[in-house]
Structures are given as structure tokens and as C-alpha cells.
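As a plain string of letters, each chain reads:
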Amino acid sequence: MPFSIPKEEYMMSGHTACAGCGATLAMRYVMKAMGENTVVTVPASCWAVIPGNYPNTALKVPFIYTPFASTGATISGIREALDEEGKEDYNVVGFAGDGGTADIGLQALSAAMERGHNVFYIMYDNEAYMNTGIQRSSSTPFGAWTTTTPVGKDRVYKRENKKVVADLMMAQKVPYVATASIAFPEDLIRKIQNAKKIKGPKFIQILSPCPPGWYFNAENTVKIARLAVETRIFPLYEYAEGKFVLYKNPNPLPVEKYLEIQGRFNHLSPEEIRTIQENVNRRWEELLEREKGKVIP
Ligand SMILES: Cc1ncc(C[n+]2csc(CCOP(=O)(O)OP(=O)(O)O)c2C)c(N)n1
Ligand SMILES: [Mg+2]
């Protein structure tokens, strides 16, 4: 049977996200795959303001806000409480930004995964602390401008490589780990459907372009998310119960195609772009090796 995206909507109009917000599309698709029996929790982030002020909400499911660092702890507690009530069939979803996941929330995430709760942790990755004004996170890529990695005379834009939390989760042998993209909704939804079959912790990292933070026009959100995959800057993979599968794109585009339409990379020299390309090529080779069964530390 041909695959189709579920028609049901759990994210309604009237939210307060910016035009072209990738994180909003991420939630919309995630919820289509989760369905009605779902509890969502978000920490401090753009998504803490997107649904609107209490008592209004743009989501049709129970929704809990928590402090910045605590998504992992919150999903653990919600799961235990629901199980206690005999509601094992409910999905518990933590939906957190890259700052709340790669930085301040990392220990709570790792601990929740280690305890083996039957939960989803979705990281919407817009590659900076957007809600507070575009500060760098450890998930910001090399070369990006942010307000705390400005471009000035001494060119101090982000010098460190992106920390890929999905890779950390594989190293921890979390039963289900995947990367996904708002430009590939069928793939995203199918991954969540696959993950639902696993009773235990599940982690999915979704690249979510941000027009004001990445400096591009709002109509280009999906195009940029697609280019991230087509240039192999953001590879799509799935790691389910120890088996790793990489989405292949045999004719990758050069990284410039992704970098050149975002103002946050405007300042990069040809040499720096070459470095980014070399890093992307090296990582792709590593992922191919992983697929062949080699364990990458
Ligand atoms: C302990 C604590 N420190 C700082 C803040 C301020 N704060 C609120 S949202 C946010 C940025 C969140 O970034 P990220 O997790 O990437 O989500 P995004 O805003 O990009 O959606 C910060 C620093 C806070 N609420 N709590
Ligand atoms: Mg962010």
C-alpha cells in the first residue's frame, strides 16, 4: 500500500511561531505520527512560547512546561505516573531544543535513557539558543555566526564542530536512535512509527531550520532542510536495536549549495568551506563503515 501522511492534525492554527519556523513543522509531523493518546512536555525554548499563553494552546494533547534542564526527568516521571494508572498505551514525548538537549539537559536525557523508560525524546535542532536571541549551543555547526560567536575583525564565529547528540545516544546503545528532517516527512513519520514498536527509550534528532537565526527568507525553510541532506551535512540514519541504516544519496551536492543561502555562513572563506566539505566527506565514510558493522567510538 502506498504510504500517506496521516490526515489528522494535532497542531492547530493560532500559534505564535515565526513565519517559516522549521520547529513548528517538526512538531506537526511528530504529532501526526504519535496520535491522540500522547502527552507532550517541553522545557524552556521557542516551543515553550509557540503554543500560546495559558489557558490557550495550539496543541490538542496534554502539554506540560518544565524548567530548561529537566526534559529527561519529566518524561521519566510522566511515564511512571501513566503506567501506575494503567495507561501503558499512551506515548510520552519530550520535545526539546538543541540547547535544552546537547547542553543543559544532557545529563537528564542520558539518565532517562539509561533507566530504560518507554519514552520518546525528540530534539528539534535549530542549532542555537533561538528563543533568547541566537546564542551558540554545542549543536551549532563550525563556521556559523551567532550573537555569542560574532563575526568581527578577529573573526571569532563558531570555531568548534557540531556535537551530534544522536551519535552520543548510539554510543549509549539507546534502543532506537534516528535523525530526521522536516523536508522528508514520510521518512520522519515512518521512523516514529518504527520507534513505536520498541518498548523502551527512543531518541530522534530533527534538523529544524530557523529563518531569523540562520538568516534566510521564510519561504526557504524546507529547501534548506532538504539541502542539508542532499549535501550530506545532516545525514539521515536509523539505529534500531543495534542495526544501523544510512539513507544514501549517491550524487551529493557540494556543501556551498547549503551554506550560500544562509546569512549565518556569509563570512566563510573558500578555505573554510573546503574544510567543511572535507569534514562532511570524512563523516560520511565513517557512517558507511558503521553500516557495515564497524563500531565507531
Ligand atoms: C536555567 C535556565 N537558564 C537559562 C534560561 C533562559 N532560556 C530560555 S529558552 C533558552 C534557549 C533555549 O535554546 P534551545 O534549547 O536551543 O531552544 P530554542 O530556543 O532554540 O527553541 C534559554 C537560554 C532558562 N529558562 N533557564
Ligand atoms: Mg535551539
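All values derive from a computational prediction rather than experimental measurement.

What's the story with the site of ligand 1 in this structure? I'm lost.
Taken together, 15 residues lie around ligand 1, and Ser 45, Cys 46, Gly 97, Gly 99 and Asn 131 are the ones closest in. Looking at the shell around ligand 1 residue by residue, the class counts come to six nonpolar, eight polar and one charged.

Any chance you could explain the environment of Glu 219 here in plain terms?
Here Glu 219 lies in the loop between helix H7 (211-214) and helix H8 (221-230). Counting along the chain gives 125 residues from Glu 219 to Gly 94, while the straight-line C-alpha distance between them is 28 Å.

Help me understand the environment of Gly 152, please; the structure alone is not making it clear to me.
Its location among the elements puts Gly 152 in the loop between strand E4 (120-125) and helix H5 (165-171). The exposure class assigned to Gly 152 is exposed, which follows from the 8 C-beta atoms found within 10 Å. Considering only alpha carbons, one finds Gly 152 and His 267, 115 residues apart in sequence, at a separation of 9.8 Å.

What is the right way to look at the pairing of strand E6 (residues 202-207) in this model?
Along any regular strand the residues' side chains alternate between the sheet's two faces. With six of six residues buried, E6 lies mostly within the body of the structure. As paired elements, E4 and E6 share six bridges and run parallel to each other. When the bridges of E6 are listed, Met 123 appears paired with Gln 205. Relative to E6, strand E5 (residues 176-181) runs parallel, the two sharing six bridges. Counted as the bridge partner of Ala 180 is Ile 206 from E6. Taken together, E5, helix H6 (residues 185-196) and E6 form a β-α-β motif whose crossover is right-handed.

Cut-offs and rules
- Residues numbered from 1 in each chain as written.
- Chains lettered and ligands numbered in written order.
- Predicted model: local features only at pLDDT ≥ 70, side-chain atom pairs only at ≥ 80, totals over all residues.
- Near = placed C-beta within 6 Å.
- Nonpolar A, V, L, I, M, F, W, Y, C, P; charged D, E, K, R; others polar.
- Helix = DSSP H or I, 4+ residues; strand = E, 2+ residues; numbered from the N terminus.
- Buried ≥ 20, exposed ≤ 12 C-beta atoms within 10 Å, placed from the backbone.
- Pairing = 2+ DSSP bridges.
- Right-handed = clockwise from strand over helix to strand, strands pointing away.

Read these as geometric descriptors, not functional statements.
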